[in-house]
Amino acid sequence: MPSTTAITVPQLSRLVGLPDAPCLVDVRIDEDYEADPRLLPASCRRDFRTVSMWAPEFSGRKVVVICQRGQKLSQGVAAWLRHEGIPAESLEGGFEAWAAAKAPLVAARAIPPRDEKGRTVWVTRSRPKVDRIACPWLIRRFVDPDAVFLFVDPAEVPLVADRFAAVPFDIEGVFWSHRGDRCSFDTMIEEFGLRVDALDRLALIVRAADTARLDLAPQAAGFLAASLGLSRMFRDDLEQLEAGMLLYDAFFRWCRDAAEETHNWPIGGKAQ
């Protein structure tokens, strides 16, 4: 009989990257983590021994708990969370099953240091268009759901980065930026190790729209138009980011699930 308190790798892989994905909590012991310092997308590390202390952080949220093999640690932590009224499941087979399935994993070494609240903090130029929405979308969906983004005047990005311990991106001369004919979104996919077919397809569209090479992807012109339209609709960059997240969510789902689908009229050759 299938477990009612566990989720399988195929089931979880369909949720990763979506706005309503569960919180993923990695409770592997340090020895196992150090042997393979990669993380499931958007997951956070927690000590299973202190679950009673950190459980309230996840109140009102769905949680999937990951240990090395999906046995005592993840099942025990998930049970404790359920005791606290938090809907929680363990990942069947744990980290080993996820890795064996070649499901996406994030290189932990690439994730910047977190602030006192456990968040990564990023800074870039104000008035975002394409790359400066694409990168926050990727980070929030696949790296750090609680990431903070600061939008400031272009000349102030390096100083704000220094004063506020923020990571600069999508400006010249920094690590997280364009490389050759690739844009910052490509750089982040590469550095985080997110080799996912749907992200590769989306990256081509983003690259084409961001670098004025609309011939690279037929969807790029419409994508650029939508991005520029959003930039005219909002004066507040954070409001624009929130609106833009939906655009990227939609394109990611198209890249993952609907790229081969067509829509014709009339149906069956006759008007319906």
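Residues numbered from 1 in each chain as written. Predicted model: local features only at pLDDT ≥ 70, side-chain atom pairs only at ≥ 80, totals over all residues. Heavy atoms only, no water.

The protein is annotated in an unreviewed UniProt entry as Sulfurtransferase/chromate resistance protein of Mesorhizobium australafricanum.

## Section: the overall build of the protein
The helix and strand tally for the protein stands at eleven helices and ten strands. Against the 2.2 N^0.38 benchmark of 19 Å for 272 residues, the protein shows a C-alpha radius of gyration of 20 Å, consistent with a compact globule. For the C-alpha atoms alone, the extent of the protein along its principal axes is close to 65 × 50 × 30 Å. Sorting the 272 residues of the protein into buried and exposed places 47% on the buried side. Expressed as a percentage of contacts within the protein between residues at least 6 apart in sequence, the contacts between residues at least 24 apart total 67%. Of the roughly 14200 Å² of accessible surface on the protein, 53% is carried by carbon and sulfur atoms. (Helix = DSSP H or I, 4+ residues; strand = E, 2+ residues; numbered from the N terminus. Rg over C-alpha atoms; globule rule 2.2 N^0.38 Å. Buried < 20%, exposed > 50% of the residue type's maximum accessible area, 1.4 Å probe, protein only. Contact = heavy atoms within 4.5 Å. Areas by Shrake-Rupley, 256 points an atom, 1.4 Å probe, with all protein chains shown as cover.)

## Regarding the pairing of strand 8 (residues 121–125)
Among the five residues of strand 8, four are classified as buried, and the element is accordingly described as predominantly covered. As for the winding sense of the linkage, the β-α-β connection from strand 8 through helix 6 (residues 131–142) to strand 9 (residues 148–152) is right-handed. Note that strand 8 and strand 10 (residues 167–168) share two bridges and pair parallel. Bridge pairing in strand 10 places W122 opposite V167. (Right-handed = clockwise from strand over helix to strand, strands pointing away. Pairing = 2+ DSSP bridges.)

## Observations regarding the UniProt feature "domain: Rhodanese" (unreviewed entry) in the protein
Sites flagged by UniProt as "domain: Rhodanese" (unreviewed entry) map to residues 18–107. Taken end to end, residues 18–107 comprises 32% helix and 21% strand; its first and last C-alpha atoms sit 20 Å apart. (UniProt positions renumbered as here; feature names shortened; annotations may be inferred.)

## A closer look at helix 6
End to end, helix 6 covers 16 Å across twelve residues, agreeing with the expected 16 Å (1.5 Å per residue, within 8%). When you tally the buried positions in helix 6, you get twelve out of twelve residues, the bulk of the element. Among all positions of helix 6, only D131, R132, I133, A134, C135, P136, W137, L138, I139, R140, R141 and F142 are buried. Where helix 6 is buried, its residues meet strand 7 (106–107), strand 8, strand 9, helix 8 (184–192), helix 9 (197–210) and helix 11 (237–258). (Expected span 1.5 Å × (residues − 1).)

## Some words on the side chain of E191
Tracing the sequence through the fold places E191 in helix 8. Given the relative accessible area of 14%, E191 is considered buried. In contact with E191, other than residues within four places in its own chain, are A107, R109, A110, F175, W176 and R179.

## Focus on helix 11
For helix 11, with 22 residues, the first-to-last C-alpha span of 30 Å sits near the 32 Å given by 1.5 Å per residue. Residues of helix 11 that are buried: D237, Q240, L241, G244, M245, L247, Y248, D249, F251, F252, C255 and A258. Where helix 11 is buried, its residues touch helix 6, strand 9, helix 9 and helix 10 (220–233).

## Re the sheet that holds strand 2 (residues 23–26)
Across the sheet, five strands lie side by side as 1-6-5-2-4; this open sheet has parallel pairing. At either margin of the open sheet sits one strand with a lone partner, and together these are strand 1 (6–7) and strand 4 (43–45). Packed on one face of the sheet, helix 4 (residues 72–83) meets strand 5 (63–66) and strand 6 (88–91) and runs near 175° to strand 6. (Axes fitted to C-alpha atoms, helices over the stretch in contact; angles between N-to-C directions.)

## Focus on the pairing of strand 5
What you see with strand 5 is no split at all: V63 and V65 on one side and V64 and I66 on the other are buried throughout. Here strand 2 pairs with strand 5 via four bridges, running parallel. In the strand pairing of strand 5, L24 is matched with V64. Across three bridges, strand 5 lies against strand 6 in parallel orientation. For V64, the partnering residue across the bridge sits in strand 6 and is E89. The parallel pair strand 5 and strand 6 is bridged by helix 4, and the resulting crossover is right-handed.

## Description of the environment of P87
Locating P87 in the fold gives a position in the loop between helix 4 and strand 6. Each C-alpha atom of the pair P87 and A203 lies 34 Å from the other, and the pair is 116 residues apart in sequence. The contact partners of P87, leaving out residues within four places of it in the chain, are R61, K62 and V63.

## Comments concerning the pattern of salt bridges
Scanning the entire structure with this criterion turns up 24 salt bridges. Here R49 ties to D47 by a salt bridge, and the two come within 3.0 Å at their closest N and O atoms. We classify R49 as exposed; its relative accessible area is 63%. By relative accessible area, which is 31% here, D47 ends up partly exposed. D115 is the salt-bridge partner of R119, the closest N and O atoms lying 2.9 Å from each other. Among the charged side chains, a salt-bridge network with shared partners connects R14, R253, R256 and D257. (Salt bridge = Lys/Arg side-chain N within 4 Å of Asp/Glu carboxyl O.)

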